[in-house]
Amino acid sequence: MINKVNKDIIILGIETSCDDTSIAISKNKKILSNIVANQLVHKKYGGVVPEIASREHQKNIIPTLSLALKQAGISINMIDAIAFTRGPGLMGALLVGSSFAKSISLALKKPLIEVNHMEAHVLANCIDEEPKFPLICLTASGGHTQLVFVKDVNNIKLIGETLDDSAGETFDKCAKMLKLNYPGGPEIEKHALHGNPYAFNFTIPKVNGLDFSFSGLKTNIRRLIEKELKNNSSLPESKKSDLCASIQHTIIKILIKKLELAITKYNVTNIAISGGVASNQKFRNEIKLLKNRAQVEIYIPKKEYSTDNGAMIAITGYYKYQNKEFTNLNIDVKPRYKLDNLLIL
Ligand code: KG4
Ligand code: ZN
């Protein structure tokens, strides 16, 4: 790719949309550091408590920045621009990151770049990689399940999304029903390792086109667990593992089916995945199988760039810097920031 700006570009990427405080520093397309401060405090509540998330971001953000600078080996004055997550996400959490980004921009007199979190998840595929376009990307996170058509890094169009719950949320809610820890995705993945994915047969929802639905599946699973608990006061470990393997298998099957449909519909030869669920090893393996079956090129971000991270904000900031897409200091945050409002195909 031709560098539109003829010098090294150093971007500070700030991500605070949910429960991870993450700050990364990039130099052109290279990530120099990517620090993530996880908020373990939410575990005991079985989900993210927005008020606590905001307070934790405020506590963690300065030490996270210090570590990111130290690991990148740069001083703060060397930064060319500050990119931050404007939305979608939790209002209070976004306010902490955006106010912090504005303060740095003001103090250093360096441009501010606003980033859509969902766009950033997609562009995480451009870290350490030069994907071929056009491509279809499936983003499966805690808040969203989306299919987008990516003409190039500046043109991303939403082509399908969930009508109700997201894939990540389904992992989280099912884990809660099984009395497993939060976040549920990694917990279900761990227990599924010892289980039989065909032990329980859940119905695959029939949703037209490229949209998804997970609420029916969730109810289906809830009823089954309740029935099992009528016979036993607690589930035996082997049954728990079988349930986890079957839940994981079903969610992945739904995602892969829609991805296959999108490949046919848009006649693309390149696909990518992103979002927290994309860090699931079984899902990653299924994508590799799809590569041969559908004869497509696949792009899978490293696990640390799949879940929420500052690196994806920095890389998106890098592309926006090249287009001089800077923003004013009086910009607001957008908890329901839609991809379609932002990008035109
Ligand atoms: O993208 P992300 O880190 O944050 C949001 O933007 O929401 O995604 C978090 C979601 C959670 O629902 C979490 O359970 C899920 O991603 N997740 C996983 C795995 N790791 C995280 N789901 C399945 N398997 C995993 N290994
Ligand atoms: Zn995310």
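Values in this document were obtained by computation on a predicted structure and should not be read as measured data.

1. Some words on the nonpolar core
Formed by 46 residues in total, the largest nonpolar core has its most connected members in Ile136, Leu147, Leu255, Leu259, Ile271 and Phe283. Of all the secondary structure elements, the ones that give two or more residues to this core are β6 (135-140), β7 (145-152), α4 (167-177), α5 (184-192), α6 (215-231), α7 (237-266), β9 (270-274) and α8 (281-294). In terms of residue count, α7 provides more of this core than any other element does, twelve residues in total. Excluding residues that lie within four positions of it along the chain, Leu255 makes contacts with Leu138, Ala140, Thr145, Ala167, Phe212, Phe214, Val277 and Phe283.

2. Observations concerning the site of ligand 1
The environment of ligand 1 is made up of 20 residues, and the closest members are Gly142, Asp172, Gly185, Glu189 and Asp308. Within the backbone of Gly168, one N or O atom sits 3.1 Å away from an oxygen atom of ligand 1. Within the side chain of Asn280, a nitrogen or oxygen atom sits 3.0 Å from a nitrogen atom of ligand 1. For ligand 1, whose free accessible area comes to 550 Å², the fraction covered by protein is 90%. Tallying contributions element by element places α5 first for the shell around ligand 1, with four residues. Grouping the constituent residues of the shell around ligand 1 by class yields four nonpolar, 13 polar and three charged.

3. Comments concerning the sheet that holds β7
If you walk across this open sheet you meet the five strands as β8-β7-β6-β9-β10, and the pairing is mixed. The open sheet terminates on both sides in strands that have one partner only, identified here as β8 (155-161) and β10 (297-299). Between one strand and the next, the sheet's axes are offset by a mean angle of 25 degrees, whatever the strand orientation. In this sheet, β8 lies alongside β7 in antiparallel orientation, the contact comprising six bridges. Its bridge partner lying in β8, Val148 is registered against Leu158. Along the sheet, α7 contacts β6, β7, β8 and β9; its crossing angle with β6, the most-contacted strand, is approximately 160 degrees. α8 rests against β6, β9 and β10 of the sheet, and its axis sits at about 175 degrees to β9.

4. Some points on the pairing of β7
Most of β7 sits inside the fold, with six of its eight residues counted as buried. Relative to β7, β6 runs antiparallel, the two sharing six bridges. Residue Thr139 lies in a different strand from β7, and its bridge partner there is Gln146. Between β6 and the antiparallel strand that follows it, β7, lie four residues. Counted between consecutive antiparallel strands, the loop separating β7 from β8 contains two residues.

5. Some words on the coordination of the zinc ion (ligand 2)
Those protein atoms acting as donors to the zinc ion (ligand 2) are His117 (NE2), His121 (NE2) and Asp308 (OD), and they sit at 2.0 to 2.1 Å. Here the zinc ion (ligand 2) is ringed by four donor atoms whose angles at the metal span 96 to 143 degrees, and the overall shape comes out irregular. We note that the donor set of the zinc ion (ligand 2) lies within a single chain, spaced as H-x3-H-x186-D. Residue His117 is found in helix α3 (residues 117-123), and its partner Asp308 is found in the loop between α9 (303-306) and α10 (310-322); the two are separated by 191 residues along the sequence. By the burial criterion, His117 is buried, and Asp308 matches it.

6. Side note on the side chain of Lys218
Within the element layout of this structure, Lys218 appears in helix α6. At 2.6 Å, the side chain of Lys218 forms a polar contact with the side chain of Asp165.

7. Some thoughts on the confidence of the model for the protein
Looking at the protein as a whole, the pLDDT averages 95, with 97% of positions reaching at least 70. Low pLDDT, under 50, characterises residues 341-345; the predicted model gives this stretch twelve contacts beyond four residues in sequence or across chains.

Calculation criteria
- Residues numbered from 1 in each chain as written.
- Chains lettered and ligands numbered in written order.
- Predicted model: local features only at pLDDT ≥ 70, side-chain atom pairs only at ≥ 80, totals over all residues.
- Heavy atoms only, no water.
- Core = buried A, V, L, I, M, F, W, Y, C linked by side-chain atoms within 4.5 Å.
- Buried < 20%, exposed > 50% of the residue type's maximum accessible area, 1.4 Å probe, protein only.
- Helix = DSSP H or I, 4+ residues; strand = E, 2+ residues; numbered from the N terminus.
- Contact = heavy atoms within 4.5 Å.
- Near = heavy atom within 4 Å.
- Polar contact = N/O pair within 3.5 Å; in protein donor to acceptor, adjacent residues only side chain to side chain.
- Areas by Shrake-Rupley, 256 points an atom, 1.4 Å probe, with all protein chains shown as cover.
- Nonpolar A, V, L, I, M, F, W, Y, C, P; charged D, E, K, R; others polar.
- Pairing = 2+ DSSP bridges.
- Axes fitted to C-alpha atoms, helices over the stretch in contact; angles between N-to-C directions.
- Donors = N, O, S within 2.8 Å, 3.2 Å for Na, K, Ca; no water.
- Tetrahedral: all angles 85-135°; square planar, octahedral: opposite > 155°, others 65-115°.
- pLDDT = per-residue confidence, 0-100.

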